[in-house]
Amino acid sequence: MPEPAQKGETIFRGIPVSAGVCRGKILVLGKSQTAVPRREVAEAAMAEEISRLEKALILTRQQILEVQRKVSTGMGAEEGGIFDAHLLVLEDRTLLDEVIRNIQEANVNAEYAFHVVAEKYASTLAAIEDDYLRERATDMRDVTARILNNLMGRQEEVDLKKLTEPCIIISYDLTPSTTAQLDRKTVLGFATDIGGRTSHTAIMARSLRIPAVVGLKGASNQLETGQNALLDGYNGVVIINPTDQTLFEYGQIIRKQVSLEEKLRDIQAKPAITLDGHRVILSANVEQATDAEEVRANGAEGVGLFRTEFLFINREVTPTEEEQYRAYRQVVAALNPEPVVIRTLDLGGDKFLSHLQVPTEMNPFLGWRAIRYCLQEKVVFRTQLRAILRASADGNVKMMYPMISGLEELNQANAVLETCKVELRAEKVPFNENMEVGAMIEIPSAVLVANSLAKRLKFFSLGTNDLIQYTLAVDRMNEKVAHLYEPTHPAIVRLIKATVDAARKAGIWVGVCGEMAGDPVLTPLLLGLGVDELSAAPPLVPSIKFLIRRLKMSEAKVLAEFALNCESAPEILARCQEFTREIAPSLFEGKL
Ligand code: PEP
Ligand code: MG
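Throughout what follows, the structure given in this document is the object of discussion.

Calculation notes
- Residues numbered from 1 in each chain as written.
- Chains lettered and ligands numbered in written order.
- Predicted model: local features only at pLDDT ≥ 70, side-chain atom pairs only at ≥ 80, totals over all residues.
- Heavy atoms only, no water.
- Helix = DSSP H or I, 4+ residues; strand = E, 2+ residues; numbered from the N terminus.
- Contact = heavy atoms within 4.5 Å.
- Areas by Shrake-Rupley, 256 points an atom, 1.4 Å probe, with all protein chains shown as cover.
- Lys, Arg positive; Asp, Glu negative; His and termini not counted.
- Charge placed at Lys NZ, Arg CZ, Asp CG, Glu CD.
- Donors = N, O, S within 2.8 Å, 3.2 Å for Na, K, Ca; no water.
- Buried < 20%, exposed > 50% of the residue type's maximum accessible area, 1.4 Å probe, protein only.
- Pairing = 2+ DSSP bridges.
- Axes fitted to C-alpha atoms, helices over the stretch in contact; angles between N-to-C directions.
- Core = buried A, V, L, I, M, F, W, Y, C linked by side-chain atoms within 4.5 Å.
- Salt bridge = Lys/Arg side-chain N within 4 Å of Asp/Glu carboxyl O.
- Polar contact = N/O pair within 3.5 Å; in protein donor to acceptor, adjacent residues only side chain to side chain.
- Near = heavy atom within 4 Å.
- Nonpolar A, V, L, I, M, F, W, Y, C, P; charged D, E, K, R; others polar.
- Phe/Tyr/Trp six-rings, centres within 6.5 Å; stacked < 30°, edge-to-face > 60°.
- Lys NZ or Arg CZ within 6 Å of the ring centre and 35° of its normal.
- Parallel < 35°, antiparallel > 145°, perpendicular 65-115°, else oblique.
- Left-handed = near helix turned anticlockwise from the far one by under 90°.
- Expected span 1.5 Å × (residues − 1).
- Patch = residues over 30% accessible without salt bridge, like charges linked within 9 Å, V, L, I, M, F, W, Y side chains within 5 Å.

Describing the overall build of the protein chain
Counting its regular elements, the protein chain contains 22 helices and 17 strands. With respect to the three principal axes, the spread of C-alpha positions in the protein chain is 85 × 70 × 45 Å. The long-range fraction of contacts in the protein chain, counting pairs at least 24 apart against all pairs at least 6 apart in sequence, stands at 69%. When the accessible surface of the protein chain is split by element, carbon and sulfur atoms take 53% of a total near 25600 Å². Here the protein chain contributes 68 positive and 79 negative side-chain charges, whose respective centroids are spaced 6 Å apart.

Observations regarding the coordination of the magnesium ion (ligand 2)
Geometry sets the ideal angles at a metal, namely 109.5 degrees for four tetrahedral donors and 90 or 180 degrees for six octahedral donors. Looking at the metal site, the magnesium ion (ligand 2) is ligated by Glu-442 (OE) and Asp-466 (OD), spaced 2.0 to 2.1 Å from it. Highlighted residues: Glu-442 in the loop between strand E14 (436–441) and helix H15 (444–448) and Asp-466 in helix H17 (residues 464–472), separated in sequence by 24 residues. Neither Glu-442 nor Asp-466 differs from the other in exposure class; each is buried.

Quick notes on the sheet that holds strand E16 (residues 509–512)
Here we have eight strands rolled up into a closed barrel, ordered E10-E11-E12-E13-E14-E15-E16-E17, and parallel in their pairing. Neighbouring strand axes in the sheet, compared pairwise and without regard to direction, differ in orientation by 25 degrees on average. Looking at chain direction, E14 and strand E15 (residues 459–462) are connected through four bridges and run parallel. Directly across from Met-440, in E15, lies its bridge partner Ser-461. Seen against the sheet, helix H13 (residues 378–391) touches strand E12 (339–343) and strand E13 (396–401) and runs at an angle of roughly 155 degrees to E13.

Focus: the side chain of Ser-461
Looking at the secondary structure, you find Ser-461 in strand E15. Residue Ser-461 is classed as buried on the basis of its relative accessible area of 2%. In this view, Ser-461 contacts Gly-304, Met-400, Ala-439, Met-440, Ile-441, Gly-511, Val-512 and Cys-513; residues no more than four positions away in its chain are not counted.

Re unusual backbone geometry
Residue Pro-337 follows Asn-336 across a cis peptide bond; omega there is 10 degrees. In this structure, Met-403 is a non-glycine residue whose phi angle is positive, near 55 degrees. By secondary structure assignment, the location of Met-403 is in the loop between E13 and helix H14 (407–426). Classification of Met-403 by relative accessible area gives buried; the value is 0%.

Considerations on the environment of Val-481
With respect to the helices, strands and loops of the structure, Val-481 is situated in the loop between H17 and helix H18 (490–506). Val-481 gets classed as partly exposed once you look at its relative accessible area, which sits at 25%. Each C-alpha atom of the pair Val-481 and Lys-270 lies 39 Å from the other, and the pair is 211 residues apart in sequence. Sequence-distant contacts of Val-481, defined by excluding residues within four places in its chain, comprise Val-474 and Asp-475.

Some thoughts on the nonpolar core
The biggest cluster of nonpolar side chains holds 115 residues, and the ones touching the most others in it are Phe-381, Tyr-401, Leu-453, Phe-460, Leu-525 and Leu-534. Setting aside chain neighbours within four positions, we find Phe-381 in contact with Thr-344, Ile-371, Cys-374, Leu-375, Tyr-401, Ala-413 and Val-416. If you look at the next biggest cluster of nonpolar residues, it comprises 29 residues, including Val-36, Ile-64, Ala-122 and Leu-151.

Observations regarding the pattern of salt bridges
A side chain with one charge may pair with a side chain of the opposite charge, provided their charged atoms come close. Under the definition given, this model contains 30 salt bridges. In this structure, the salt-bridge partner of Arg-38 is Glu-40, at a minimum N-O distance of 3.5 Å. Residue classification places Glu-40 among the exposed residues on the basis of a relative accessible area of 61%. Each member of the salt-bridge network shares a partner with another, and the members are Glu-321, Glu-322, Arg-326, Arg-382, Arg-386, Arg-390, Glu-423 and Glu-427.

Structural notes on the side chain of Lys-398
Relative to the assigned elements, Lys-398 resides in strand E13. Taking relative accessible area as the criterion, Lys-398 reaches 12% and is therefore assigned buried. Here Glu-436 takes part through its side chain, which lies 3.3 Å from a polar atom of the side chain of Lys-398. Apart from the residues lying within four places of it in its own chain, the contact partners of Lys-398 are Pro-339, Val-340, Val-341, Ile-342, Met-435, Glu-436, Phe-459 and Trp-509.

Notes on the site of ligand 1
Neighbouring residues of ligand 1: 17 residues in total, closest His-200, Arg-307, Arg-343, Asn-465 and Arg-476. Side-chain polar atom of His-200 to an oxygen atom of ligand 1: 2.8 Å apart, as the coordinates give it. Between ligand 1 and the protein, one listed contact pairs an oxygen atom with a side-chain N or O atom of Arg-476 at 2.8 Å. Of all the secondary structure elements, the ones that give two or more residues to the shell around ligand 1 are helix H7 (200–208), strand E11 (303–307) and H17. Tallying contributions element by element places H17 first for the shell around ligand 1, with three residues. For the shell around ligand 1, the class distribution of residues is four nonpolar, five polar and eight charged.

Looking at the environment of Phe-459
The topology assignment puts Phe-459 in strand E15. C-alpha separation for the pair Phe-459 and Ser-199, spaced 260 residues apart in sequence, amounts to 25 Å. Once you skip the residues sitting within four places of it in the chain, Phe-459 turns out to touch Val-341, Lys-398, Met-399, Met-400, Glu-436, Val-437, Gly-438, Ala-439, Ile-508 and Trp-509.

Notes on the packing of aromatic side chains
Enumeration over the complete set of coordinates arrives at four aromatic pairs. Both rings, one in Phe-306 and one in Tyr-328, keep their centres 5.8 Å apart while their planes meet at 90 degrees; by these two values the pair is edge-to-face. Here the residue Phe-306 occupies a position in strand E11, and Tyr-328 occupies one in helix H11 (residues 321–335), the gap between them amounting to 22 residues. Judged by its relative accessible area of 0%, Tyr-328 is buried. The ring of Phe-562 has Arg-575 lying over it, and the distance from NZ or CZ to the ring centre is 3.9 Å.

Some details on the packing of H13 against H14
Axis separation between H13 and H14 bottoms out at 9 Å; the angle between their running directions is 60 degrees. Between H13 and H14, the crossing angle belongs to the class labelled oblique. Classified by chirality, the crossing of H14 by H13 is right-handed. Contacts between H13 and H14 involve Lys-378, Phe-381, Arg-382, Leu-385, Arg-386, Leu-389 and Arg-390 from the first element and Ala-413, Val-416, Leu-417, Thr-419, Cys-420, Lys-421, Glu-423 and Leu-424 from the second. Residues of the contact of H13 with H14, tallied by class, amount to eight nonpolar, one polar and six charged.

A word on H11
Across its 15 residues, H11 extends 21 Å between first and last C-alpha, which sits within 8% of the 21 Å expected from 1.5 Å per residue. Of all the residues in H11, the buried ones are Glu-321, Gln-324, Tyr-325, Ala-327, Tyr-328, Val-331, Val-332 and Leu-335. For H11, the secondary structure elements touched by its buried residues are helix H10 (292–297), E11, E12, H13 and E13.

Focus: a negative patch on the surface
Together, Asp-276, Glu-555, Glu-578 and Glu-582 give the surface a local cluster of negative charge. Position of Glu-555 relative to the elements: it lies in helix H21 (residues 553–565).

Spelled out as structure tokens, the structure:
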């Protein structure tokens, strides 16, 4: 809910997900849909205009069939049948003939003609006292919106790649694939009504260094494009029409941030070592091959998580083995001899690939995701494994499987890996025979069988984003339950400890690549619990290093001991906050 603040100013509060403050005009997505332009069309251009309409109708039909296929597979034939009514609108000769007549007789553009005629039919149907006919009016409006989008080339209202003026985007939601395409030059920041800190949209924002706030509830409905705003990604606030006093206060915060960034730059090339000499492996998470530069620039030693699924999205066809090999090699060669942990495809959850025909599911995070998908879609899996193996000849590659829930999945995945190795040997293609293979620990069952997994692996990487979601039964995407998403929940602390214990017993190392690793408040806790490596989005790495260099391992162990014996998540969090603010106060000065 908005808060009236000082005169003329309105404050919206949400969840801070990507640090930074920005100021500018807002662009509200989803509101520009209503305006349908009217243009005069000359006689000579008439045939072209009608052909434009026909092409849009064909495209709309394909889109509806695709949605229908996904709904039928995911929810059942009956639900899919709903779209038959939409398809019928596209075949309604009376309607289409009238639209064409309108274009020809009124000399207007196709979108305008379609809008006028379809709205006339829809409002007539809607006015009749008959539920069936009223529903047909809704169908007609749905299909019309789709046709108009196609005619106007509005895939998702506004093409975010073609923005000319810098702006702050306000939207109900942004998909991870849309976020991946945002350009920092034109998108100063963004805020969404829904979402949580560990959604892939939020992860992308941090990786791109775009200040972002999610979970603003109904803000997108209450705001208008063009309003002046200040977005504070440190505190999760969007301020509309900020007063001079507010701007002054933010000026102070920004000055403190600039001076902190200078301090952080000073330690860029220094090791991540505690005051009492404990060396921590500090790595970075990357999503695209081009992120490699950011890894060194931010003082990370290597890559602890390469989320390969971002190579697969925003495109029409699956990347070939050669294309994947080149992308992996680019990162591996750039960072050699530092390690690069490549994670096999983690499709599903909130990451969907339009071209891979994945059906809509009721519970995508519990469904056909990650290793489950790969073990069934063997061609996709083998192609990737071959590409990763080939890249292992070019540097220090380690590979891990996501979403391992038990030993059978691990054995099956390793069996596919073996067949790829046999093939490559026969083809005399070089690869590292001793490439380390690990697993993400992100499902509680994996922790409970960690001893069995550890015997067959070289490392574990704790995916705390999912581990928290699956352990606490809290959707990581849902702002309504975000208050229950507690990284310091005693259950999470104990699961991390159990994972470390199993790894120690088998003599393998443990990293954390979930967002907990990028929160300096939690760094002492994780290190005190015995984690060997932390891997975070490149822009977060300097703060983590800063904190490590001000920490004593002996104190971190005391903190972890406290957490292991504590029964309350807020108490553990409070102790972590108190401790980190004491040893590194300047890291937290951007907080209001
Ligand atoms: C995790 O779950 O913590 C993780 C690192 O994987 P992702 O965020 O890609 O699901
Ligand atoms: Mg995960």
